[in-house]
Amino acid sequence: MAVKIEFLSKDRDYEVPCLYNITGQEKVVCVIVHGFGSHKKSFTAKMMLEELPLLGIGAISFDLPAHGESEADGEFLRLNNCLADLAAVEAHARALAPKAEIVYFASSFGAYITLIHLAAKKKNCRAFLRSAAVNMPSLLIQLLTPEQKRCLKTAGECIFEKAKYGYTRDLKLTQGLFDDLERHDVFTLWQKGLAKLCMIHGEADQTVPLSNAKSFAEMFHVPLTVALNGDHQLSIPGAPEQVLKLAADFFQKI
């Protein structure tokens, strides 16, 4: 089945671009949530969109506000919008495959968003977390340059340039986003038993140190696979295949 594109707009201030590979007959459909500065067509998202359906698992990916093909700018890059977009995509997946269990594959910032989403739902779902940014509130602050801090203080916003950070487009970050992050610590919001989680994290991740992921995994008894020599993108030879196999095995368990 070919991947289809759709722009969700119902009850939204902007359209949410999404790609999906769903027949409607699946028992499991995976919602893919990309990381900060990434997009729905990233290497990993594309891999999951193409490979999971071969195993009978539907897949749907989307652009968070101000990412990828999203028409929204950085003013809309707030946690409430990220969570609302995730909920809208999940609802669309349920409409496309009414009998399917909805599971999640989330990377970095997307994993942080997914944990907040599931903590609010309090349903027994399954989520595979890749390079989870469990330290997101402090992570962005650490990335700020003195000039960006000055801009935030004086103008209430700053720019993360794509060339410097390796993003697909420039990102405007507002003080409101930083305020949102400060109010959402997943170590406080999460509880044991809220959902079935599985994690993989690079041993050499320089964006989200392995120690942060280990702390979360140990605190909430989450199985954690350490990818030897793996970076944050888990792009070293063999790592993408390891991610796919672990996620597929996790989603195929009954």
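Cut-off values and rules
Residues numbered from 1 in each chain as written. Predicted model: local features only at pLDDT ≥ 70, side-chain atom pairs only at ≥ 80, totals over all residues. Heavy atoms only, no water. Helix = DSSP H or I, 4+ residues; strand = E, 2+ residues; numbered from the N terminus. Buried < 20%, exposed > 50% of the residue type's maximum accessible area, 1.4 Å probe, protein only. Contact = heavy atoms within 4.5 Å. Areas by Shrake-Rupley, 256 points an atom, 1.4 Å probe, with all protein chains shown as cover. Lys, Arg positive; Asp, Glu negative; His and termini not counted. Charge placed at Lys NZ, Arg CZ, Asp CG, Glu CD. Core = buried A, V, L, I, M, F, W, Y, C linked by side-chain atoms within 4.5 Å. Salt bridge = Lys/Arg side-chain N within 4 Å of Asp/Glu carboxyl O. Phe/Tyr/Trp six-rings, centres within 6.5 Å; stacked < 30°, edge-to-face > 60°. 1 Å grid on protein atoms, 1.4 Å probe; cavity = no way out; pocket = protein on both sides within 12 Å on 5 of 7 lines; lining within 4 Å. Points joined across faces, edges and corners; volume = space filled by probe spheres on them. Nonpolar A, V, L, I, M, F, W, Y, C, P; charged D, E, K, R; others polar.

A. Molecular detail of the overall build of the chain. When its secondary structure is counted, the chain shows ten helices and ten strands. Oriented by its inertia axes, the alpha-carbon framework of the chain measures out at about 55 × 40 × 35 Å. Each of the 254 residues in the chain was classed as buried or not, and the buried ones make up 54%. A separation threshold of at least 6 residues defines the contact pool for the chain, and within that pool the share at least 24 residues apart is 69%. Summed over its atoms, the accessible surface of the chain is roughly 11,600 Å², and 53% of this surface lies on carbon and sulfur atoms. A gap of 5 Å separates the mean positions of the 28 positive and 29 negative side-chain charges of the chain.

B. Here's a closer look at the nonpolar core. Residues Val31, Leu173, Trp190 and Phe216 are the most contacted members of the largest nonpolar core, which totals 66 residues. Those residues in contact with leucine 173, other than ones at most four positions away along the chain, are Phe36, Leu77, Leu140, Leu152, Gly156, Glu157, Cys158, Phe160 and Phe178. Residues Leu19, Leu52, Val243 and Ala248 belong to the second largest nonpolar core, which totals 25 residues.

C. Examining the pattern of salt bridges more closely. All told, the structure shown has 13 salt bridges when counted by the stated rule. Here glutamate 50 makes a salt bridge to lysine 46, at a shortest N to O gap of 2.7 Å. Taken together, the residues span about one helical turn, with glutamate 50 and lysine 46 both in helix α1 (residues 43-51) at a distance of four residues. The shortest N-O distance in the salt bridge between aspartate 249 and lysine 245 comes to 2.9 Å. Of this pair, aspartate 249 and lysine 245 both sit in helix α10 (residues 239-252), four residues apart, which is roughly one turn of the helix.

D. Summary view of the packing of aromatic side chains. Under the definition given, this model contains eleven aromatic pairs. For the pair phenylalanine 109 and tyrosine 112, a centre-to-centre distance of 6.2 Å together with 25° between the ring planes defines the contact as stacked. With phenylalanine 109 and tyrosine 112 both in helix α3 (residues 109-121), this residue pair falls three residues apart, about one helical turn. Summarising the burial analysis for this pair, phenylalanine 109 and tyrosine 112 share the class buried. Relative to tyrosine 167, the ring of tyrosine 165 has its centre 5.6 Å away and its plane inclined at 20°; by these criteria the two rings are stacked. The exposure class of tyrosine 167 is buried, given its relative accessible area of 15%. One aromatic cluster is present, built from ring pairs that chain together Phe36, Phe109, Tyr112, Phe160, Tyr165 and Tyr167.

E. Region of the structure containing the layout of surface pockets. The computed volume of the largest pocket comes to approximately 630 Å³. In this structure, the largest pocket is lined by 31 residues; those nearest its centre are Gly35, Phe36, Ser38, His232 and Gln233. Those elements giving two or more residues to the lining of the largest pocket turn out to be β3 (28-33), α1, β5 (101-107), α4 (136-143) and α10. In terms of residue class, the lining of the largest pocket is built from 16 nonpolar, 14 polar and one charged.

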